[in-house]
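# Examination of the molecular architecture
Listed here are the chains, written in short residue letters.
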Amino acid sequence: MPPELSVVLAAVALPFVAAVSTPVLFRVLGERTGYAGVAVALTSFLLLATQLGSEGTVGLAWIPSLNISLRFAIDGWGLLFALLACGIGTLIFLYSPAYMHGESSLPRFYAALLAFMGSIVGVALAADLIAIFLFWELTSLCSFVLIGHYTADDSSQYAARMAMFVTVGGGLFLLVGFLLLALVAGDVLGSEFAFNLAAMLENPNEIADALREEGLFLPVLGLIAIGAGAKSAQVPLHFWLPNAMAAPTPVSAFLHSATMVKVGVYFVGRIRPMLVGPEWLFLFATLGLTTMTICAILAVGSTDIKELLAYSTASHLGLMIAGFGFTSIYGAEAGVFHLFNHALFKAALFLVAGIVAHQAGTRRLENLSGLRHDLPITTAITAIVALSMAGIPPFSGFYSKELLFEAAVEARHVHDIGVLGWLYPAVAVFGSIFTVLYSLRFLSLFFGERPEELGHVDRPSVMLLVSPAVLAALTALVSVDPEIAVHAIVQSGVDATAVDPHEMHVGIPTAYSPPVGMSAVTIGLGFLAYPFYGRIHGGVRAIPELIPPIGANWWYDTIVDGLTDGGAWLAARIHNGLLRTYATWTLASTCALTLAGFAATATIVPTHLIEFDAPIAIALVMLVAVMAAVAVVRSTSHIAGILTLSILGFMIAIFYILASAPDLALTQLVVETLILVIFLLVIEEIPEYYEVGLGRVARDAVLSVAVGATAFVTVLVTTDARPAGSTSIARYYAEQAVPEGGGTNIVNVILVDFRGFDTLGELAVVALAAISILTLIVMRNGGDDE
Amino acid sequence: MTTVIMRTTARAIVPIIFVVAASLFVEGHNLPGGGFIAGVLTTTAFAIIYLAFGLDFLERGVLGRDVEPGKESSRDRLVVAYRRLFEYGLAIAVLSGLVPLLFGRPFLTQTFLVFEGVPIYHHVEIASALAFDFGVFCVVVGGLLTILSVVGAE
């Protein structure tokens, strides 16, 4: 069944349209705008749900001349991701009005949230590299607005900038990867398919082979990995995600659980069938497992409930990346299924964290425990989702973690990877132990003794509970019968990301297998270590304090501060308000670039400098000009300097006459005269004599010689390239000047008849120059008055 | 600069420059010259007047107006006139380009007419490009004089 263009387009466009109309909606609905968001998200969800089971590409022409179009591909994987974004979006919008009650700038909040959802749906469905990149960066922009929601709060601004810096910067790597990929795809599939990802994925082997042939396989893989890794908070760029908890909790739930951070994982899954291979396994399995372990350990070191959840998100993203990294079918199953499970339980956990913070007034782990009497429903919800996060059977997270273990064990049967074949399963188990630990720690918010200083904790309103309850119910459903989820959506997602899709089966294991043993070890050690949580927590916290460079934040701060200081230093050097500094740097860099360009293209051939023949008259005129130039430098008074400079100008005019260019000569004469007069007008204002240091003289001399040399070489090169005899253009003008323009002066006919539009542009330049000088002087006077 | 020699010379050469500029402008289509060169030359003549008689001479001596001392140079009536000149020049150039559109020809299309048997000149050719060139002339004169008088007044 082919997809419907109108339905897909409506599902993608609706959130954006709603985002634009938010200010109007807010005027009418006030804080209930969130419920309008529910309607929008639900409509998009239902529209996309009608496309379930269909497969194919639909699109609109966008930039046909560059073969770029707004193309959407519908398949199980894209739909799974888009449906998660819309579905969880619906619940977030349902939760927001109660949570954000009484906050300021709500129109901006809802507009950004809607646009955020729309761009994620866009990434999920887009099948054109440029469209993907556009939506990809849009998610970063929207998240920047959302994370920086509290504009008066410095830490919020810091976090927003950091997220923007890392994810948009990563996106640029992705763009370069895309362009390389498009270059190769254009060769293999024809230029009309250069940006068509859907077409590339239909011919994965041809593209991969062509990439290897061109030697671009590793660069493309690496660039995409950097882009996806930055977006999905993979080590060493994981640090922005915990900082992003500065955002309001509904945003955190949306950002961390369902969507933006998973865009990287999603894209890795998307291109997996095309680029999978030994390099792929090594890159993504290592990256994912490292991230999973490091962020799980850091989660144990957290002191804030949202921080704990944020690190745990990064850790689970690592798990998904590692899953997709393993080349066997289990890898794809682990990645897709865990993405699905994680979206459900992590969104619920963030919403629970929001409830706890909202009701108890604190987010510090050490101040919170024994909340089960105050928040009974929340406790039940948390128990389901936290145990699912820990991967305890029979909760949903267990199944996807089993698949990861299976894939890790399987890796050494598929590829010959030596010791890594043992290391991968071991690291997976090691990281998972910490997952169990922090999941239990989160659960302990509700159990154990209630601290005295906690005070009275109110029950949350129903509107706060609905969304996490729905998510917990879904998690419970998947836990009881994972095959439901597999049949509904996961299987079709696996089909789109796996190289050789099989029918997928998950369930409680009934016999011993290596993954079962690994799970037993993980859970057993996790529970055994839990009593020592305090010591482990302290140990994890102590390490970055001892050695700051271990913390990624340290690197970020050092680099950003360094750039800021460097920028300030540079600005003070080249942007100091003195005209002569600007002139120096502009001239020097222009000369350097021009000369480097000539050198790089080997345009300057030394032999040309020797062969010259000029009529004696021209040589004589030029000699006088050179002598005048020397005299200008040697002249002691300004008047003498200006007059000798005019000799130079008039000699050039004579040169034009000798070279039979009377128009140029006339212009040169007139302009030279005007310049002389202007100089005379301003000369009275200039001091008689300057005291100039030797260093400055040397600098000016070097600069002048460089400028002169550049101009000389440029003239030499450009006139050298002149074609022998008259060109067809020159002949055309010469023949057509009288019959077409009615003038015998070809130069003037060209100026006003043939190329009148150029002249009009030059007129605009003269007018602009006059206006800008007028403005400059008026503004300076205005500044003096103030 | 306002020496006797300078003034005497200026009195003699400024009218000559204006005549030369006018002839360069008119014959530009067939001989070296044109709107740009004529414009620069005219500006030179004005600059010489400024140089020889001072900045206020045009207002006081030629136009017979009083000059308020200490007035902002950009608000000066002459500067405003120069500014108008290049604004009008730009308008003339653009409008002369728009006229062909009325006859269904592309923007900036030019044509010319030849008149025979005109007294004294016998053979006169009028090119529509002259209007465009006049726009060029006005912009150059207006623009350069605006710059010159504003900067000169500083």
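What counts and what doesn't
Every chain is numbered independently, its residues counted from 1 as its sequence is written. Chain letters and ligand numbers both follow the written order, the letters beginning at A and the numbers at 1. Selection of residues for local features in this predicted model requires a pLDDT of at least 70, selection of side-chain atom pairs for listing and counting requires 80 or more, and totals for whole chains, interfaces and linings are taken over all residues. Excluded from the side-chain calculations are hydrogens and water; all other atoms, namely the structure's heavy atoms, are used. Under the scheme used here, helices are H or I runs from DSSP no shorter than 4 residues and strands are E runs no shorter than 2 residues, and both carry numbers assigned from the N terminus. Working definition: with a 1.4 Å probe on protein chains only, accessible area under 20% of the residue-type maximum means buried, over 50% means exposed, and in between means partly exposed. It only takes one pair of heavy atoms within 4.5 Å for two residues to be counted as in contact. The charge count includes Lys and Arg as positive and Asp and Glu as negative, but it does not include His or the ends of the chains. By convention, charge coordinates are those of NZ in Lys, CZ in Arg, CG in Asp, or CD in Glu. All accessible-area figures derive from a Shrake-Rupley calculation using a 1.4 Å probe, and residue coverage is judged against the displayed protein chains alone. Only strands joined by at least two bridges in the DSSP assignment are considered to pair. A pair is scored as a salt bridge if a Lys or Arg side-chain nitrogen falls within 4 Å of a carboxyl oxygen belonging to Asp or Glu. Here, nonpolar core refers to any group of buried Ala, Val, Leu, Ile, Met, Phe, Trp, Tyr and Cys residues whose side-chain atoms link them within 4.5 Å. Here the expected span of a helix is defined as 1.5 Å times the quantity of residues minus one. Fitted lines through C-alpha atoms serve as axes, helices being fitted only where they are in contact, and the angles separating the N-to-C directions of these axes extend from 0 to 180 degrees. Should an angle fall under 35 degrees it is called roughly parallel, over 145 degrees roughly antiparallel, and 65 to 115 degrees roughly perpendicular, with every other angle called oblique. Each crossing gets its handedness from the near helix: less than a right angle anticlockwise from the far helix is left-handed, clockwise is right-handed. Classification convention: Asp, Glu, Lys, Arg as charged; Ala, Val, Leu, Ile, Met, Phe, Trp, Tyr, Cys, Pro as nonpolar; all other residues, Gly among them, as polar. Using a 1.4 Å probe, buried area is obtained as the accessible area two parts lose upon being combined, added over both of them. Two N or O atoms form a polar contact when they lie within 3.5 Å of each other; inside protein one atom must be a possible hydrogen donor and the other a possible acceptor, and for residues adjacent in sequence the pair counts only when both atoms belong to side chains. Note on patches: the residues involved have over 30% relative accessible area and no salt bridge, like charges join within 9 Å, and the nonpolar side chains Val, Leu, Ile, Met, Phe, Trp and Tyr join within 5 Å. Directions pointing from the helix axis toward each C-beta atom define the arc. Side-chain rings of Phe, Tyr and Trp, where Trp is taken by its six-membered ring, are said to pair if the distance between their centres is within 6.5 Å; with planes under 30 degrees apart they count as stacked, over 60 as edge-to-face, and otherwise as tilted. The criterion for a charge sitting over a ring is simple: Lys NZ or Arg CZ within 6 Å of the ring centre, and within 35 degrees of the ring normal.

So, about the overall build of chain A. Along the backbone of chain A there are 33 helices and two strands. Taken along the three principal axes of its C-alpha coordinates, chain A extends 105 × 60 × 60 Å. The buried share of chain A, taken over its 786 residues, is 50%. Contacts in chain A between residues at least 24 apart in sequence constitute 78% of all its contacts with a sequence separation of at least 6. Where the 31 positive side-chain charges of chain A centre and where its 57 negative ones centre are 9 Å apart.

Turning our attention to the overall build of chain B. Looking only at helices and strands, chain B has five helices and two strands in total. For chain B, the α and β elements follow one another from N to C terminus as α-α-α-α-β-β-α. Seen along its three principal axes, the alpha-carbon backbone of chain B occupies a region of about 55 × 35 × 25 Å. Burial statistics for chain B: of 154 residues in total, 40% are counted as buried. Counting only carbon and sulfur atoms, one obtains 68% of the accessible surface of chain B, whose full area is about 8100 Å². Between the centroid of the 10 positive side chains of chain B and the centroid of its 12 negative side chains there is a distance of 6 Å.

What follows concerns the pairing of strand β1 (residues 112–118) of chain B. Residues and elements named next belong to chain B. Note that β1 and strand β2 (residues 122–127) share six bridges and pair antiparallel. Considered in β2, the bridge of F112 is made with A127. Hairpin connection between β1 and β2: a loop of three residues separates the two successive antiparallel strands, and I120 in this loop has a positive phi of roughly 65°.

Residue and element names in this part refer to chain A. Relative to the elements of secondary structure, K401 occurs in helix α18 (residues 396–414). Although K401 is buried, it makes no salt bridge; E402 carries the closest opposite charge, 9.5 Å away. Residue contacts for K401: discarding those within four places in its chain leaves L319, M389, A390, S432 and T435.

With that settled, the discussion passes to the nonpolar core. Core analysis: the biggest nonpolar cluster contains 204 residues, and W240(A), F326(A), F337(A) and F340(A) have the highest contact counts within it. Looking at this core element by element, the count peaks at 20 residues for helix α16 (residues 329–360) of chain A. Sequence-distant contacts of F340(A), defined by excluding residues within four places in its chain, comprise L80(A), L84(A), V478(A), A485(A), I489(A) and V490(A). Formed by 49 residues, the second largest nonpolar core is a distinct cluster that contains I642(A), L680(A), L24(B) and L78(B).

Compared with the 22 Å implied by 1.5 Å per residue over 16 residues, the 23 Å span of helix α13 (residues 260–275) of chain A between its first and last C-alpha is a close match. The element α13(A) is extensively covered by neighbouring structure, given that 16 of its 16 residues are classed as buried.

Residue and element names in this part refer to chain A. At a closest axis distance of 10 Å, the pairing of helix α6 (residues 129–147) and α13 adopts a crossing angle of 155°. Our classification of the angle between α6 and α13 gives roughly antiparallel. Taken as a pair, α6 and α13 cross one another with a handedness that is left-handed. Contacts between α6 and α13 involve I132, W136, T139, S140 and S143 from the first element and M260, V263, G264 and F267 from the second. The residue makeup of the contact of α6 with α13, split by class, is five nonpolar, four polar and no charged.

Turning to the interface of chain B and chain A, a few remarks are in order. On the side of chain A, 43 residues touch chain B, which itself brings 48 residues to the contact. In this assembly, chain B packs against chain A so that about 3800 Å² is buried in total across both faces, 76% of it on carbon and sulfur atoms. Counting every contact that joins chain B to chain A gives five residue pairs in polar contact (both at pLDDT 80 or more). Broken down by element, the residue count for the side of chain B that touches chain A peaks at 14 residues, all from helix α5 (residues 129–153) of chain B. Of the residues assigned to the side of chain B that touches chain A, the class counts are 30 nonpolar, 13 polar and five charged.

Residues and elements named next belong to chain A. Residues F165, W554, W555, I559 and L563 make up a contiguous nonpolar surface patch of roughly 540 Å² in combined accessible area. Here the element with the most residues in the nonpolar patch is helix α24 (residues 552–574); it accounts for four residues. Looking at where I559 falls in the secondary structure, it is placed in helix α24.

Residues and elements named next belong to chain A. Per the counting criterion, the structure on display carries eight salt bridges over all chains. Measuring nitrogen to oxygen at the nearest pair gives 2.7 Å for the salt bridge that ties R450 to D374. One end of the pair, R450, is in the loop between α19 (420–443) and α20 (462–480); the other, D374, is in the loop between α16 and α17 (376–390), and 76 residues separate them in sequence. Given a relative accessible area of 31%, R450 falls into the partly exposed group. Owing to a relative accessible area of 13%, D374 belongs among the buried residues under this scheme. Across the pair D758 and R755 runs a salt bridge whose closest N-O atoms are separated by 2.9 Å.

Next up on the list: the packing of helix α28 (residues 638–658) of chain A against helix α29 (residues 662–683) of chain A. Residues and elements named next belong to chain A. Direction vectors running N to C along α28 and α29 enclose 175°, while the axes themselves pass 8 Å from each other. The angle between α28 and α29 falls in the class roughly antiparallel. Residues H638, I639, I642, L643, L645, S646, G649, F650, I652, A653, Y656 and I657 of α28 form the contact with α29, whose own contacting residues are L664, A665, Q668, L669, E672, T673, L676, F679, L680 and I683. Residues that form the contact of α28 with α29 fall into these classes: 16 nonpolar, five polar and one charged.

Put simply, side chains in a regular strand alternate between the two faces of the sheet. Residue and element names in this part refer to chain A. Bridge count between strand β1 (residues 56–63) and strand β2 (residues 68–74): seven bridges; the pairing is antiparallel. Bridging from a neighbouring strand, G56 pairs with I74 of β2. Here β1 folds back onto β2, and the loop between the two strands holds four residues, one of which, N67, carries a positive phi near 60°.

Let us look at helix α23 (residues 533–546) of chain A. All names here are of chain A. Its 14 residues give α23 an end-to-end C-alpha distance of 20 Å, which sits within 8% of 20 Å, the value for a rise of 1.5 Å per residue. Those residues of α23 that fall on the buried side of the exposure criterion are Y533, H537 and V540. Looking down the long axis of α23, one finds its buried residues gathered within 65° of arc, a one-sided arrangement. For α23, the exposed residues lying more than 90 degrees away from the buried face are G534, R535, E545 and L546. For α23, the elements touching its buried residues are α14 (278–300), α15 (305–325), α19 and α22 (514–529).

Note on aromatic pairs: each is described by the distance of the centres and the angle between the planes. All names here are of chain A. Applying the stated criterion across every chain yields a total of 29 aromatic pairs over all chains. On the basis of an interplanar angle of 20° and a centroid distance of 4.8 Å, the ring pair of F81 and Y266 is categorised as stacked. Of this pair, F81 sits in helix α4 (residues 76–99) while Y266 sits in helix α13; the two residues are 185 residues apart in sequence, bridging distant segments of the chain. On the basis of relative accessible area, Y266 is assigned to the buried category, the value being 1%. With centroids separated by 6.0 Å and ring planes inclined at 80°, the aromatic side chains of W136 and F267 adopt a geometry described as edge-to-face. Here W136, found in helix α6, pairs with F267, found in helix α13; they are 131 residues apart in sequence, far enough to count as distant. Comparing W136 with F267, the two get one shared label, buried. Following the ring pairs from residue to residue traces out a cluster consisting of W77, F81, Y266 and F324. We note R212 situated over the ring of F217; from NZ or CZ to the ring centre the distance is 3.9 Å. The lysine or arginine in question, R412, covers the ring of W422, its NZ or CZ lying 3.9 Å from the ring centre.

Residues and elements named next belong to chain A. Residues D187, E206, D209, E213 and E214 make up a contiguous surface patch of negative charge. Counting residues per element, the negative patch draws most heavily on helix α9 (residues 204–214), which supplies four residues. On the secondary structure map, E213 appears in helix α9.

Time to look at the side chain of S400(A). Mapped onto the elements, S400(A) comes out in helix α18. With a relative accessible area of 0%, S400(A) lands in the buried category.

Without other data, these values stay purely geometric and don't point to any function.
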